[in-house]
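# Summary of structural features
Given next are the chains, with one letter for each unit.
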Amino acid sequence: VVEVLVPLTQGEIVHVPKIILQPRHHHIEVEQIVEVPVPQIQEQIVHVPRIIQQQRDHHFHVEEIVDVIVEQIVEEIVHVPVVQTQERIVHNHVEIDVEIPRPQVIEKTIEVPRIQIEEKIIRVPKIT
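In short, a report on the structure. (Residues numbered from 1 in each chain as written. Predicted model: local features only at pLDDT ≥ 70, side-chain atom pairs only at ≥ 80, totals over all residues. Heavy atoms only, no water.)

### Comments concerning the overall build of the chain
Looking only at helices and strands, the chain features 0 helices and 0 strands. Computed over its C-alpha atoms, the radius of gyration of the chain comes to 61 Å, more than 25% above the 14 Å expected for a compact globule of 128 residues. By its C-alpha atoms, the chain is 160 × 100 × 30 Å across when sized along the principal axes. For the chain, the computed accessible surface area is about 18,900 Å², with 54% contributed by carbon and sulfur atoms. Across the chain, the centroid of the 11 positively charged side chains sits 32 Å from that of the 21 negatively charged ones. (Helix = DSSP H or I, 4+ residues; strand = E, 2+ residues; numbered from the N terminus. Rg over C-alpha atoms; globule rule 2.2 N^0.38 Å. Areas by Shrake-Rupley, 256 points an atom, 1.4 Å probe, with all protein chains shown as cover. Lys, Arg positive; Asp, Glu negative; His and termini not counted. Charge placed at Lys NZ, Arg CZ, Asp CG, Glu CD.)

The following block contains the structure:
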């Protein structure tokens with residue numbers, strides 16, 4: 001049995017756009033005469049209101065003198081002190097009970113492997 005290697009080829013699908021011819025439109029200016037209606041004057045009946053005279057009431061002015069007490073204003077110069085605000089820092093001593101954890105000593109025994117080095121002498125024969 002003899003095995004022969006055959007080269008493989010890969011195919012790829014490629015879409016090629018199809019060219020379609022379309023008719024072209026040509027624009028041509030055309031002059032056209034169109035009849036447009038002209039506005040016409042119309043007559044319309046409008047009702048105008050009539051003016052009717054009415055009797056008027058007459059007002060008579062009466063003059064009356066009344067004494068009114070008027071407050072008298074007396075001016076006086078008064079010095080008003082300007083209030084200035086100041087910041088003050090006040091220290092208030094306060095006692096607070098705080099629980100502080102005490103450090104504890106924990107002992108652990110760790111076993112560390114001991115490394116031993118063994119030396120061996122091997123004699124190699126000399127080759128001449």
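### Thoughts on a nonpolar patch on the surface
Residues Val94, Ile96, Val98 and Ile100 make up a contiguous nonpolar surface patch of roughly 490 Å² in combined accessible area. The class of valine 98 is exposed, set by a relative accessible area of 62%. (Patch = residues over 30% accessible without salt bridge, like charges linked within 9 Å, V, L, I, M, F, W, Y side chains within 5 Å. Salt bridge = Lys/Arg side-chain N within 4 Å of Asp/Glu carboxyl O. Buried < 20%, exposed > 50% of the residue type's maximum accessible area, 1.4 Å probe, protein only.)

The values are spatial; any link to function lies outside them.
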